[in-house]
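Now for the letters of each chain:
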Amino acid sequence: MLAILPQVLVDGLTLGFMYAVVALGYTMVYGILEFINFAHGEIFMVGAFVGTEVLLITDAIGALDGMNPYVALFMTLVITMILTGALGVGIERLAYRPLRGAPRLVPLISAIGVSFLLQDLVRFTEAIARNEFYLNTPALFSGSISLGIATIPVKGLVVIVLAIVMMIALTLFVGKTKWGIAMRAVAQDQSTAALMTINVNKVIMLTFLIGSSLGGATGVLFAQNYGTIDPYIGFIIGMKAFTAAVLGGIGNIQGAMFGGVLLGLLESLSGAYMGPLTNGAFGAEYKDVFAFSILILVLLFKPEGLFGEAVKEKV
């Protein structure tokens, strides 16, 4: 069983980095508004469909053949990030901002409603345009790289590298730039930040713009890595990314990164080894049960997450 461990770890890292980038969207919004944007998983799903449609249209007009795959991926990511970023800003403006002063349950219900709305809109649109809503994404990358003890597909390596780049860029933005400082100030205290001439609404809008752009970009990477998408992929990926954010410490960017990678590794290891270790009593289908059980154990002993800090409720 140890012979397959390096390959299992490679697969777990690929999956974990995708969870980590999606988890950043949850943790950014929660860090500022203390609100769980449950529609974020569907923004990820919209990003996967936008990216796939961009590639399908490019292929249909004959422009994809002969195009450098990295150029095609860059073009797809830029278009997708612009559109999903705008979608996130629109959702915040129409569905969340009018409810900002309402009890916390109200915007949560609104987020769930937006989630179902996006699912049905994508399903309806794709059914009209293509008479189906299970799409196969044109593959930009093929082949694999042998590491000796493991083999990593080129598309998996692209996912890992781009995920790391996005996470580093976000960390530097939040930690070093003027807008990043404003985000941290609003997260600490919105009223005091407003008194210091910080435009709270713009900061919140920027938070949704960045988080949604990253979620959409990760949808493109998911489609490239797994090949087939449907309007329901956002739910399970969103729940796991939210779990990763909670595991690392909701509201903590570094915690979301670590939680996503850890969850991906746990899922991959349990999928590979649970069956042999239990003599077939529990197969790979129980990998989610194992991962969420680890989450429960962590939260029992450290409710704020691995990297979170216990804070008093704001009044």
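Notes on the structure in this doc start here. All values reported here derive from a predicted model rather than from experimental measurement. (Residues numbered from 1 in each chain as written. Predicted model: local features only at pLDDT ≥ 70, side-chain atom pairs only at ≥ 80, totals over all residues. Heavy atoms only, no water.)

1. Considerations on the nonpolar core
Condition: In plain words, nonpolar cores are sets of buried Ala, Val, Leu, Ile, Met, Phe, Trp, Tyr and Cys residues tied together by side-chain atoms within 4.5 Å. Relative accessible area decides the class of each residue, using a 1.4 Å probe on protein chains only: under 20% of the type maximum gives buried, over 50% gives exposed, and in between gives partly exposed. A run of DSSP states H or I qualifies as a helix once it reaches four residues; a run of E qualifies as a strand once it reaches two. Both are numbered from the N-terminal end. Contact criterion: two residues are considered in contact whenever any of their non-hydrogen atoms come within 4.5 Å of each other.
With 86 residues, the main nonpolar core has Leu24, Tyr96, Leu170, Met183 and Ile229 as its most contacted residues. No other element matches helix α1 (residues 5-33), which puts 14 residues into this core. Excluding anything up to four places from it in sequence, Ile229 contacts Ala48, Phe49, Thr52, Phe133, Tyr134, Leu135, Thr137, Phe222 and Ala223.

2. Looking at the side chain of Asn37
Structurally, Asn37 is set in the loop between α1 and α2 (40-60). Discounting chain neighbours no more than four positions away, the residues touching Asn37 are Tyr26, Val29, Tyr96, Ala111 and Phe208.

3. Describing the environment of Ala256
Position of Ala256 relative to the elements: it lies in helix α10 (residues 253-277). Assessed through its relative accessible area of 0%, Ala256 is described here as buried. C-alpha of Ala256 to C-alpha of Ala23: the two residues are 233 residues apart in sequence and 5.7 Å apart in space. Among residues more than four places away in sequence, those in contact with Ala256 are Ala20, Ala23, Leu24, Thr27, Ala244 and Ala245.

4. Brief notes about unusual backbone geometry
In the Ramachandran plot, Glu34 falls in the positive-phi region, its phi being about 50° despite a non-glycine side chain. Relative to the helices and strands, Glu34 resides in the loop between α1 and α2. Among the residues examined, Glu34 registers a relative accessible area of 22% and is labelled partly exposed. Of note in the backbone geometry, Thr197 takes a positive phi value of approximately 70° without being a glycine. Among the residues examined, Thr197 registers a relative accessible area of 73% and is labelled exposed.

5. Examining a nonpolar patch on the surface
The following threshold applies: By definition, no residue in a patch forms a salt bridge, and every one has over 30% relative accessible area; like charges are joined within 9 Å, nonpolar side chains (Val, Leu, Ile, Met, Phe, Trp, Tyr) within 5 Å. Per-residue and other accessible areas were derived by the Shrake-Rupley procedure at a 1.4 Å probe size, with only the shown protein chains allowed to occlude residues. Here a salt bridge means any side-chain nitrogen of Lys or Arg lying within 4 Å of a carboxyl oxygen belonging to Asp or Glu.
On the surface, Phe74, Val78, Ile79, Ile82 and Leu83 cluster together to form a nonpolar patch covering roughly 470 Å² of accessible area. The residue Val78 is located in helix α3 (residues 69-96) in this model. The class for Val78 is partly exposed, based on a relative accessible area of 34%.

6. Points about the packing of aromatic side chains
Heads up, the condition is: Stacked, tilted and edge-to-face are the three classes applied to pairs of Phe, Tyr and Trp rings, where Trp contributes its six-membered ring and a pair requires centres within 6.5 Å; stacked means planes under 30 degrees apart, edge-to-face means over 60, and tilted covers the rest.
Inspection of every chain in the model, using the stated rule, returns nine aromatic pairs. Aromatic pair Phe35 and Tyr96: ring centres 4.8 Å apart, planes at 70°, arrangement edge-to-face. Taken together, the residues Phe35 in the loop between α1 and α2 and Tyr96 in helix α3 connect sequence positions 61 residues apart. A relative accessible area of 5% means that Tyr96 is categorised as buried. Relative to Tyr226, the ring of Phe222 has its centre 4.8 Å away and its plane inclined at 40°; by these criteria the two rings are tilted. A residue pair is termed a helical-turn pair when its members lie 3 or 4 positions apart in one helix, as Phe222 and Tyr226 do in helix α8 (residues 200-226) at four residues. Its relative accessible area of 40% is what places Tyr226 among the partly exposed residues. Every member of this aromatic cluster is reached through a ring pair, and the members are Tyr26, Phe38 and Phe242.

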